[in-house]
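Reading the structure
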Amino acid sequence: MKKIYLLFTTALLFISNIARADEGMWLLSLLEKLNYKDMQAKGLRLTPEQLYSVNNSSLKDACIWFNGGCTGELISSEGLILTNHHCGYDAIAELSNVQDNILDNGFWAKTKSEERKPVTPMSITRVVRVDDVTEAVLAKLSGVAEKDRGIKLQEIFKELGKKATEGTHYEYTGREMFKGNAYYLFVMEKFTDIRLVGTPPQNIGKFGGETDNWMWPRHTGDFSMFRVYANKDNKPAEYSAENVPYKPLHYLPVSLKGVKEGDFAMIIGFPGRTNRYEFSQGVALATDVVDPNIVNLRAIRLEAWKEQMVMDEDTRLKLSSDYAGIANYWKYFDGEAEQLKRNKVYDKKTAEEKAFAKWAENRDEYKTLLYDIDQVYTMYKPYALQRIYLNECIFAPTINQLASFGIGLDELYTKRAAIQAAKEKSKEEKAKEIADIDGKIKTMSENYLKALNDVHYTERIKTADKKIFAGMLKMYYRNIPADQWPESFTKIASKIKNGNSDEVFAKYTDMVFEKSMFASKEKLTEFLKEPSHKKLLKDPAFMYVKSHRDNYMTRFKPKVDEFNAQSNALGRKYIKGLMEMHPNRTFYPDANSSQRLSYGTVQSYNPKDAVHYDYITTLEGVMEKYVPGDYEFSLPQKLIDLYNAKDYGRYKMENGRLPVAFLTNNDITGGNSGSPVMDANGHIIGLAFDGNWEAMSGNIHFDEKYKRTINVDIRYVLFLIEKVGGAQHIINEMTLVE
Ligand code: ARG
């Protein structure tokens, strides 16, 4: 009887493993051990060595970390890089102005000498190899108190990293997996001479704007292209006219074969952050407290900016990158809260915890774990908005971001005064130390003056900023309990009579913008040429920022730190317990901006009852959405002409239509933007650029039914380069597979 029972449960486990197989962001170095058989069964036609190899070139070498926040892939022997339009957005916007508006008009370098180098530094990073350093790290961490763990870990990684990169130009980065049950060291090669090769106009690259963002069906040509340059030895080098195109160890061939439902599809990229082992309390905090607050705070910024952006082109260009960034995660958190509820993630987590509690009943190590985590959350909850309000409310107005510079300056002046007052120091000692500090003050001010060049603070932007400042005062007043306010805020709020806060806050805002030097680039420039502590201490924007920051640092940061340390420690124990509880399950670590592979298939879905979403969109759909002159749904005439002529060249499908975007069920998150979607042979078939609305809960819970990745079809990318951009020479650089 017992045997049958056992057999029965393993069979069940086996089935559930298969069903869950598209979930998971896997470490490439572990694929051979953990996933290879399954990948093969699904259709993969490469060897493990072709996926990840330290000594030979492999897919890992072609899939790179793009600018520390996105993914890109090498697609030619001459360092050509493909990534998303929204990943290149900052660079493209920076290279644009009203006279030479490549953001709106698009751009293709006709020769390499026409490629453009953005002023703001950029980088791409290749993974050289991945070392499992779990044993060494855990040995060194034993006995270290939880609160010191982070700092100690940095020391350990530094020691191991130095050894691992000795005698090379490589860099290293350490990564914690499973909340500290495992540790990996990534040896990396970083290139910084990156130049823009081309981009479609933004009404293609960002077609659908915020309305379509995070949603399917999608019709965005979300791609841009860069090139990596190296020195003559093919090694990383600072920008120089002498540099030559980088010769990659591996680059991806481009498939023209197209996709159909059920095709094998894999994605390699650098997913940023997931929290799949989150406790139910964390889910509740997200849906009830954190997410709605971020959404409401960001809405204030977006509304005020939009008002000004529609008024003139210069303002629109200056604010468009910031607007897109804030809007992206404004909509994200709205969707996350909605889908966590719709997909009943709280209930699912509670059920898992219940099963765990039952298993843990007689295990000393684990039996109080769920009680403990409850205590930790109960303690933290009253302060959970503090950090969010510091980042998303206090530092939301540009004036306050500018004024935050004063914090470092103030610290230096305070030190200077202390030295001057120190009785035990000799005159010479004092003079030397003061000269040192004065030097620092000078450099700091000079650097800030230089940085100020790139800050856009026109009258229009300032008008928006004033509105944001006043709006943020009100949000703080309403949503942060009075006993958590700094004294300065209590003083402002004490003027409020009969609950009418608008008038008081408007007056205060006027005063700050009139008196503060941070409200005016001219005044600030003057100050930076001759900085003074006295002047700084009288500045109302600086005082506002300083009081809130001090309030946070002294009263709330210790609580936040303690919460993080304790919840991480309990999370670590929980994952360890889950692994013991399910010895046959293959676990994958949360995303942490390290290179991962996800595999699955091309797949449609049903978003709700009686509704079916096809897995592919076409240019027909682009035209259906087209609204002439619209902010989000306009199109370049060239594309419309090609559509009317049905001039799609070799990029059309069998039914004569031009493919635009398609769906896979790969497990990705933010940071995967720009990742290649590859077929069973490792040829690129598309470019991942988004997730879908029904699975916005995906960072906390992977829902098989709904979780999809939205990709630009590579045929649309090639069509846009060749037919709309007229850049056949770029296509000629690639290796096409028909
Ligand atoms: N949601 C996508 C991502 O996070 C695209 C973001 C950029 N687009 C935008 N409309 N803001 O990767």
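Looking at the ligand, the residues that line it are His 86, Lys 206, Gly 209, Glu 210, Asn 213, Trp 214, Ala 324, Asn 328, Ser 673, Phe 689 and Asp 690. A distance of 2.7 Å is found between a nitrogen atom of the ligand and a side-chain nitrogen or oxygen belonging to Asn 213. Take Ser 673: an N or O atom from its side chain is 2.7 Å from an oxygen atom of the ligand. Taking 350 Å² as the accessible area of the ligand by itself, protein coverage stands at 92%. Sorting the residues of the shell around the ligand by element identifies helix 11 (209-212), helix 13 (313-342) and strand 20 (684-691) as the ones contributing at least two each. Residue composition of the shell around the ligand, by class: 3 nonpolar, 5 polar and 3 charged.

Two numbers describe how helix 18 (residues 405-421) lies on helix 19 (residues 427-452): the axes approach to 10 Å, and their chain directions differ by 170°. By the angle between their axes, helix 18 is roughly antiparallel relative to helix 19. Judged by the twist between their axes, the crossing of helix 18 over helix 19 is left-handed. Residues Phe 405, Gly 408, Leu 409, Leu 412, Tyr 413, Lys 415, Arg 416, Ile 419, Gln 420 and Ala 421 of helix 18 pack against Lys 430, Glu 433, Ile 434, Ile 437, Asp 438, Lys 440, Ile 441, Met 444, Ser 445 and Tyr 448 of helix 19. Taken together, the residues of the contact of helix 18 with helix 19 break down into 11 nonpolar, 3 polar and 6 charged.

Working note: non-glycine residues mostly have negative phi, and peptide bonds are mostly trans. Pro 217 follows Trp 216 through a cis peptide bond whose omega is 0°. Inspection of the secondary structure puts Pro 217 in the loop between helix 11 and strand 10 (224-230). Here the phi dihedral of Lys 179 falls at roughly 50°; this positive angle occurs in a residue that is not glycine. Relative to the helices and strands, Lys 179 resides in the loop between strand 7 (171-177) and strand 8 (182-191). With a phi close to 60°, Ser 593 is a non-glycine residue in the positive phi region. On the secondary structure map, Ser 593 appears in the loop between helix 25 (540-581) and strand 14 (596-601).

Right, let's get into a negative patch on the surface. Taken together, the side chains of Asp 90, Glu 94, Asp 322 and Asp 454 make up a negatively charged region of the molecular surface. Here Asp 90 shows up in helix 6 (residues 85-94). Under the relative-accessibility criterion, Asp 90 is labelled exposed at 54%.

In this section: the side chain of Asn 400. Locating Asn 400 in the fold gives a position in helix 17 (residues 398-403). Of the polar contacts made by the side chain of Asn 400, one reaches the backbone oxygen of Ile 394; its length is 2.8 Å.

In total, this model carries 42 salt bridges according to the counting rule given. One salt bridge connects Arg 126 with Glu 189, and the closest N-O pair in it is separated by 3.1 Å. Within this pair, whereas Arg 126 is found in strand 6 (residues 124-132), its partner Glu 189 is found in strand 8, the two being separated by 63 residues in sequence. For Glu 189, a relative accessible area of 5% translates into the label buried. Residue Arg 129 pairs with Asp 131 through a salt bridge whose shortest N-O separation is 3.2 Å. Overall, the relative accessible area of 21% leaves Asp 131 in the partly exposed class. Counted as one network, the salt bridges with shared partners bring together Lys 60, Asp 61, Arg 126 and Glu 189.

Looking now at the environment of Tyr 383. Following the sequence through the fold, Tyr 383 ends up in the loop between helix 15 (369-380) and helix 16 (386-394). Separated by 47 residues in sequence, Tyr 383 and Lys 430 have C-alpha atoms that sit 43 Å apart. For Tyr 383, the residues in contact, after removing those within four places along its chain, are Gln 484, Phe 556 and Lys 559.

Below, the discussion takes up the packing of aromatic side chains. Enumeration over the complete set of coordinates arrives at 35 aromatic pairs. Between Trp 359 and Tyr 366, the ring centres sit 5.4 Å apart and the planes meet at 45°, which makes this aromatic pair tilted. Trp 359 sits in the buried class, given a relative accessible area of 17%. According to the relative accessible area criterion, Tyr 366 is buried, its value standing at 2%. Grouped by ring-pair contacts, the aromatic residues Tyr 389, Tyr 476, Tyr 477, Trp 485, Phe 489 and Phe 505 constitute a single cluster. A cation over an aromatic ring shows up here: Arg 342 above the ring of Tyr 706, its NZ or CZ 4.6 Å from the ring centre.

Cut-offs applied
- Residues numbered from 1 in each chain as written.
- Predicted model: local features only at pLDDT ≥ 70, side-chain atom pairs only at ≥ 80, totals over all residues.
- Heavy atoms only, no water.
- Near = heavy atom within 4 Å.
- Polar contact = N/O pair within 3.5 Å; in protein donor to acceptor, adjacent residues only side chain to side chain.
- Areas by Shrake-Rupley, 256 points an atom, 1.4 Å probe, with all protein chains shown as cover.
- Helix = DSSP H or I, 4+ residues; strand = E, 2+ residues; numbered from the N terminus.
- Nonpolar A, V, L, I, M, F, W, Y, C, P; charged D, E, K, R; others polar.
- Axes fitted to C-alpha atoms, helices over the stretch in contact; angles between N-to-C directions.
- Parallel < 35°, antiparallel > 145°, perpendicular 65-115°, else oblique.
- Left-handed = near helix turned anticlockwise from the far one by under 90°.
- Contact = heavy atoms within 4.5 Å.
- Patch = residues over 30% accessible without salt bridge, like charges linked within 9 Å, V, L, I, M, F, W, Y side chains within 5 Å.
- Salt bridge = Lys/Arg side-chain N within 4 Å of Asp/Glu carboxyl O.
- Lys, Arg positive; Asp, Glu negative; His and termini not counted.
- Charge placed at Lys NZ, Arg CZ, Asp CG, Glu CD.
- Buried < 20%, exposed > 50% of the residue type's maximum accessible area, 1.4 Å probe, protein only.
- Phe/Tyr/Trp six-rings, centres within 6.5 Å; stacked < 30°, edge-to-face > 60°.
- Lys NZ or Arg CZ within 6 Å of the ring centre and 35° of its normal.

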